[in-house]
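Coordinate inspection notes
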Amino acid sequence: MQHKEYHRIERIGWLRAAVLGANDGIISTASLLIGVAAAHTSYNGILIAGFAGLIAGAMSMAAGEYISVSSQADTEKSALKREKKELEANLANEMEELTSIYVKRGLEPALAKEVVTQMMAKDALGTHARDELGITEISSARPLQAALFSACSFTLGSLLPLLIIFLAPREHLILIISVMAVLFLALLGAVAARVGGASVLSGALRVVVWGTLAMIVSAGIGSLLGIAV
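Residues numbered from 1 in each chain as written. Predicted model: local features only at pLDDT ≥ 70, side-chain atom pairs only at ≥ 80, totals over all residues. Heavy atoms only, no water.

The next thing to look at is the overall build of the chain. What the chain contains, in helices and strands, is 7 helices and 0 strands. Reading the secondary structure of the chain in the N-to-C direction produces α-α-α-α-α-α-α. Counting all 229 residues of the chain, 37% fall into the buried class. Across the chain, contacts joining residues at least 24 apart in sequence account for 75% of those joining residues at least 6 apart. (Helix = DSSP H or I, 4+ residues; strand = E, 2+ residues; numbered from the N terminus. Buried < 20%, exposed > 50% of the residue type's maximum accessible area, 1.4 Å probe, protein only. Contact = heavy atoms within 4.5 Å.)

Here is the structure:
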């Protein structure tokens, strides 16, 4: 029976965008709410600021991810186009180049040459894309996927601290949002680490530390301003 291995690396594209979006949604919205509340803003003002931050943040995340990942995709396409021309213009040199790559990885020169010959006979461009350029199906850029996951995860992350406004009393709003945001961040870091196969504890601590620092700075600035935003 053939042994089938299961790897989590195939999740790296959407997982990165989803974690980034949710993490940013929790931190930015919680920080915004804390900062606005610390500036003695009215309840309605806090609520409006929170939802405005959610909408603006989700759109910004989607646009930012799409633009950045599209730039990566354009670079990959350009590299593949150039590699295709080089294969058509000078196949022998490209085979030598790939052979040297395999030799550096530990193959004997004769075996490396035979491997190159067989692999390039099946898919010359795909072989060079993977072993020379480092472009694979798993790591290739997907702008729309990244934008969608970022926007949706940011929205979900933002809704968590926003819901606290409806549940927490005004006089304890800052404390409750801060505590719950830290718990949300810890949960997010743990889940992301679990899905990615990494340490749950280190994943949770990483996002909690940076998220807490962001909220402390926001609360401090809002308190110093002491005015409605």
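Let us now look at the side chain of T41. Counting through the fold element by element, T41 comes out in the loop between α1 (12–38) and α2 (43–89). Of note is the side chain of T41, whose polar atom sits 2.8 Å from the backbone oxygen of V36. (Polar contact = N/O pair within 3.5 Å; in protein donor to acceptor, adjacent residues only side chain to side chain.)

Mapped onto the present numbering, the UniProt feature "transmembrane region" (unreviewed entry) falls on residues 12–39, 45–67, 146–167, 173–195 and 207–228. For residues 146–167, the helix share is 100%, the strand share is 0%, and the end-to-end C-alpha distance is 33 Å. (UniProt positions renumbered as here; feature names shortened; annotations may be inferred.)

Quick look at the UniProt feature "coiled-coil region" (unreviewed entry) in the chain now. Listed under "coiled-coil region" (unreviewed entry) in the UniProt record, and renumbered for this structure, are residues 70–104. Within residues 70–104, the helical portion is 97% and the strand portion 0%, while the C-alpha atoms at the span's ends are 32 Å from each other.

Moving on, we come to the environment of I221. Along the chain, I221 falls in helix α7 (residues 200–225). We classify I221 as partly exposed; its relative accessible area is 47%. Once the C-alpha coordinates of I221 and A38 are considered, the two residues, 183 residues apart in sequence, prove to be 8.3 Å apart.

This paragraph deals with a nonpolar patch on the surface. A cluster of nonpolar side chains, namely Y43, F51, L156, L159, L163, F166 and L167, defines an oily patch on the protein surface of about 700 Å² accessible area. Those elements giving two or more residues to the nonpolar patch turn out to be α2 and α5 (143–167). By residue number, the principal contributor to the nonpolar patch is α5, which donates 5 residues. In this structure, L167 sits in helix α5. Judged by relative accessible area, which is 71%, L167 ranks as exposed. (Patch = residues over 30% accessible without salt bridge, like charges linked within 9 Å, V, L, I, M, F, W, Y side chains within 5 Å. Areas by Shrake-Rupley, 256 points an atom, 1.4 Å probe, with all protein chains shown as cover. Salt bridge = Lys/Arg side-chain N within 4 Å of Asp/Glu carboxyl O.)

Inspection of the secondary structure puts A73 in helix α2. For the pair formed by A73 and R142, sequence separation is 69 residues and the distance between their alpha carbons is 7.2 Å.

Grouped together as the largest cluster of nonpolar side chains are 24 residues, with contacts concentrated most on I46, I165, I177 and L185. Sequence-distant contacts of I177, defined by excluding residues within four places in its chain, comprise A30, L33, I34 and I164. Core analysis: the second largest hydrophobic core is formed by 7 residues, L87, L98, I101 and V116 among them. (Core = buried A, V, L, I, M, F, W, Y, C linked by side-chain atoms within 4.5 Å.)

Moving on to the packing of α2 against helix α4 (residues 109–131). Contact pair α2 / α4: the axes reach a minimum separation of 9 Å and the direction vectors enclose 140°. Relative to α4, the element α2 lies oblique. Regarding α2 and α4, the two cross each other, and that crossing is right-handed. For the pair α2 and α4, the contacting residues are L80, E83, K84 and L87 in the first and M120, A124, L125, H128 and A129 in the second. Counted by class, the contact of α2 with α4 contains 6 nonpolar, 1 polar and 2 charged residues. (Axes fitted to C-alpha atoms, helices over the stretch in contact; angles between N-to-C directions. Parallel < 35°, antiparallel > 145°, perpendicular 65-115°, else oblique. Left-handed = near helix turned anticlockwise from the far one by under 90°. Nonpolar A, V, L, I, M, F, W, Y, C, P; charged D, E, K, R; others polar.)

In this model, helix α3 (residues 91–104) (14 residues) spans 20 Å end to end at C-alpha, consistent with the 20 Å of a helix rising 1.5 Å per residue. Looking only at α3, the buried set comprises E94, L98, T99, I101 and Y102. Looking straight down α3, one finds that the buried residues subtend no more than 155° of arc, so they occupy a single side. Across α3 from its buried face, at more than 90 degrees, point the exposed residues E96 and K104. A positive phi of about 120° marks G106, the residue just after α3. (Expected span 1.5 Å × (residues − 1). Arc of directions from axis to C-beta.)

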